Amino acid sequence: MEILNGVHQIKSPCPGDASWYTNVYVIEGSDGHILVDSGWDSQESLWALQEGIKAANLKLRDIKKVVITHIHPDHYGLSTKIKQICGAQVSIHRIDAGFIFPRYKDFADLVKKTAELLRQNGVPENELPQLKEASLWMNKYVTPDSPEVMLEDGDIISNDSFELEVLLTPGHSPGHICLYEQERRFILTGDHVLYDTNPHVGFNPQSGDNPLGNYISSLKKLERLKVHFILPGHGPMFNALGLRIENILQHHEERKRAIMRSLHDGLKTAYEIAQQIPWMVNEGGTAFQDLPVWDKRMAVTETLAHLKLLMEEDRVGNVDMDGASLYLVKD
Ligand SMILES: [Zn+2]
Ligand SMILES: [Zn+2]
């Protein structure tokens, strides 16, 4: 679908979830198209891309650049195959590029560190094997390779019709980027800002010390931009970026308040706090124990991200007792 003049959106399917898509964008140029994000590495996504390109009256072989907003499998997964097919250059921010092989190839160390983190934060031994390996199935849908171009904040990716400025927006992923077209007044936001979902921001072995603090700064970085159209990595295109940012900030304030409330009757691990907070608030709220395993892990790491920010704000303290990390209120 041509959503803006020369910008096509293709819906790339998610393995095992027919209701969820990644938006892949083709930015047309007579000297070569730029593909923003690639979708999962699956036959279905490659087919969706092929059909989408054909429907736009374009040719797959004219994709010269593939720009990846961040290394999650639903955005990065298929990029190596596209490179093999079209000879396109793959570009990704230097920080996220550094996580490709540790995450998708030599991942034993990451699984070990994730298990240690979850155990220390109160995940019971009987739930640990499931939770620590909750993301491993995704590796099947990624072909890891070194990118041709390591991006930095402020770089420009262009063809003869468009100029996309790289904006480093860490938080959802430490090397996440948005792509800003100043003249046409649109921005591709990957998973940094979505229309109807609050992007996941979790503390994990690859997230850095304060991912939520970084995320909030990255949201504020976008507030100054003059954009008419926001092209997200999932869900519909929208406008009123400032309003949406306000909404997301409010969501995190509410979650911080819920965490503070849960700490008022005693010291708790992140796992115990996660059990007391409503999740999937967009869909009306779900109790922790009813979440699927991957969402459970995200709930624990999201709670941790909020706790790290509350510690940074000096509102929450943290002590180690018998190998468990316990949190308490300081204000
Ligand atoms: Zn993501
Ligand atoms: Zn995504």
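Quick note: structure is the one above.
The residue count restarts for each chain, going from 1 along the sequence in the order it is written. Each chain takes a letter, starting from A, and each ligand takes a number, starting from 1, following the order in which they are written. Selection of residues for local features in this predicted model requires a pLDDT of at least 70, selection of side-chain atom pairs for listing and counting requires 80 or more, and totals for whole chains, interfaces and linings are taken over all residues.

Peer 1: Explain helix α8 (residues 211-223) to me, and be specific about the residues and the numbers.
Peer 2: Every helix listed is a DSSP run of H or I at least four residues long, and every strand listed is a run of E at least two residues long, numbered separately from the N terminus. Expected span, for any helix, means 1.5 Å times one less than how many residues it has. Along its 13 residues, α8 runs 19 Å from first to last C-alpha, staying within 8% of the 18 Å computed at 1.5 Å per residue. The set of residues buried in α8 consists of Pro 211, Leu 212, Asn 214, Tyr 215, Ser 218, Leu 219 and Leu 222. When α8 is viewed along its axis, its buried side chains cluster within an angular range of 155 degrees and face the same direction. Turned more than 90 degrees away from the buried face of α8 sit Lys 220 and Glu 223, all of them exposed. Each element contacted by the buried residues of α8 is listed here: β10 (177-181), α9 (241-262) and α11 (293-312). Each residue is classified by how many other C-beta atoms fall within 10 Å of its C-beta atom, where C-beta atoms are placed from the backbone; a count of 20 or more means buried, 12 or fewer means exposed, and values in between mean partly exposed. When we speak of the arc, we mean the arc of directions from the helix axis to the C-beta atoms. It is the C-beta atoms, placed from the backbone, that decide contacts: two residues are in contact if theirs lie within 7 Å.

Peer 1: An account of the environment of Glu 2 is requested, with residue identities and associated values reported.
Peer 2: Within the secondary structure, Glu 2 is located in strand β1 (residues 2-4). Taking the number of C-beta atoms within 10 Å as the measure of exposure, Glu 2 has 13 and is therefore partly exposed. Between the alpha carbons of Glu 2 and Pro 144 there is a distance of 30 Å; along the sequence they are 142 residues apart. Here Glu 2 is in contact with Val 7, His 8 and Ala 56, once residues within four sequence places are set aside.

Peer 1: Describe the packing of α8 against α9, listing the residues and the values that go with them.
Peer 2: Helix-helix packing is described using two parameters, namely the angle between the two axes and the distance between the axes. Two elements in contact, α8 and α9, have axes separated by 10 Å at closest approach and are oriented at 160 degrees. As judged from the angle between their axes, α8 and α9 are roughly antiparallel. Crossing of α8 over α9 shows left-handed handedness. Contact with α8, carried on its side by Leu 212, Ile 216, Leu 219, Leu 222 and Glu 223, involves Leu 241, Gly 242, Ile 245, Ile 248, Leu 249 and His 252 of α9 and no other residues of that element. Basically, the charged four are Asp, Glu, Lys and Arg, the nonpolar ten are Ala, Val, Leu, Ile, Met, Phe, Trp, Tyr, Cys and Pro, and anything else, Gly included, counts as polar. When its residues are assigned to classes, the contact of α8 with α9 shows 8 nonpolar, 2 polar and 1 charged. Each axis is a line fitted through C-alpha atoms, and for a helix only the stretch in contact is used; angles between axes span 0 to 180 degrees, taken between their N-to-C directions. Angle categories: roughly parallel below 35 degrees, roughly antiparallel above 145, roughly perpendicular from 65 to 115, and oblique for all the rest. Crossings are sorted by hand: turned counterclockwise from the far helix by less than a right angle, the near helix makes the crossing left-handed, and turned clockwise it makes it right-handed.

Peer 1: Residue-level account of the pairing of strand β13 (residues 316-321), with values.
Peer 2: Inspection of the sheet shows β13 paired to strand β14 (residues 324-329) by 6 bridges, in the antiparallel sense. By the bridge assignment, Asp 320 is partnered in β14 with Ser 325. Strand pairing is defined by DSSP finding a minimum of two bridges between the two strands. In this antiparallel pair of consecutive strands, β13 and β14, the connection spans 2 residues, and Asp 322 shows a positive phi of 50 degrees.

Peer 1: Describe the environment of Gly 317, with residues and values.
Peer 2: Mapped onto the secondary structure, Gly 317 falls in strand β13. C-beta crowding within 10 Å serves as the criterion here: with 14 such atoms nearby, Gly 317 is assigned to the partly exposed category. With 100 residues separating them along the chain, Gly 317 and Ser 217 place their C-alpha atoms 22 Å apart. Sequence-distant contacts of Gly 317, defined by excluding residues within four places in its chain, comprise Leu 328 and Lys 330.

Peer 1: So what about unusual backbone geometry? Which residues, and what values?
Peer 2: Note on backbone geometry: most residues besides glycine have negative phi, and most peptide bonds are trans. At Asn 57, a position not held by glycine, the phi torsion is positive, near 65 degrees. Take Asn 57: it is sitting in the loop between α1 (43-55) and β5 (63-67). Residue classification places Asn 57 among the exposed residues on the basis of 9 C-beta atoms within 10 Å. A positive phi angle is found at Asp 322, which is not glycine, with a value near 50 degrees. Along the chain, Asp 322 falls in the loop between β13 and β14.

Peer 1: Please provide a residue-by-residue account of the sheet that holds strand β2 (residues 7-14), values included.
Peer 2: Within the open sheet, the 7 strands sit side by side as β1-β2-β3-β4-β5-β6-β7. Their pairing is mixed. Each edge of the open sheet is held by one strand with a lone partner, namely β1 and β7 (149-151). If you compare each strand with its neighbour and ignore which way they point, the axes differ by 30 degrees on average. Two strands pair when backbone bridges link them, and β2 and strand β3 (residues 17-27) are joined in this way by 8 bridges, in the antiparallel orientation. Note on β3: the bridge partner recorded for Val 7 is Ile 27.

Peer 1: Go over α9, please, and point to the residues and values.
Peer 2: With 22 residues, α9 extends 32 Å from end C-alpha to end C-alpha; this agrees with the ideal 32 Å at 1.5 Å per step. For α9, the full list of buried residues reads Leu 241, Arg 244, Arg 255 and Ile 259. Along the long axis of α9, the arc covered by the buried residues comes to 75 degrees, so they all point the same way. Away from the buried face of α9 by more than 90 degrees, exposed residues Leu 243, Asn 247, Gln 250, Glu 253 and Arg 257 are located. Each element contacted by the buried residues of α9 is listed here: α8, β12 (229-232), α10 (270-274) and α11.

Peer 1: Tell me about the nonpolar core, residues and numbers included.
Peer 2: As used throughout, a nonpolar core is a set of buried Ala, Val, Leu, Ile, Met, Phe, Trp, Tyr and Cys residues joined through C-beta atoms within 7 Å of each other. Of all hydrophobic cores here, the largest spans 76 residues; its most connected members are Leu 179 and Ile 187. At 8 residues, the largest contribution of residues to this core is made by α11. With residues near it in sequence (within four places) discarded, Ile 187 still touches Cys 178, Leu 179, Tyr 180, Leu 225, Val 227, Ile 230 and Leu 231.

Peer 1: For the sheet that holds strand β9 (residues 163-168), give the residues involved together with the corresponding values.
Peer 2: Note: strands within a sheet are paired through backbone hydrogen bonds, in either parallel or antiparallel orientation. An order of β8-β9-β10-β11-β12 is seen for the 5 strands of this open sheet, with the pairing classed as mixed. The sheet is open, and its two borders are formed by β8 (156-158) and β12, each paired with just one other strand. In this sheet, adjacent strand axes meet at a mean angle of 25 degrees when their direction is disregarded. As paired strands, β9 and β10 are joined by 4 bridges and run antiparallel to one another. Bridge assignment links Val 166 to a residue of β10, and that residue is Leu 179.

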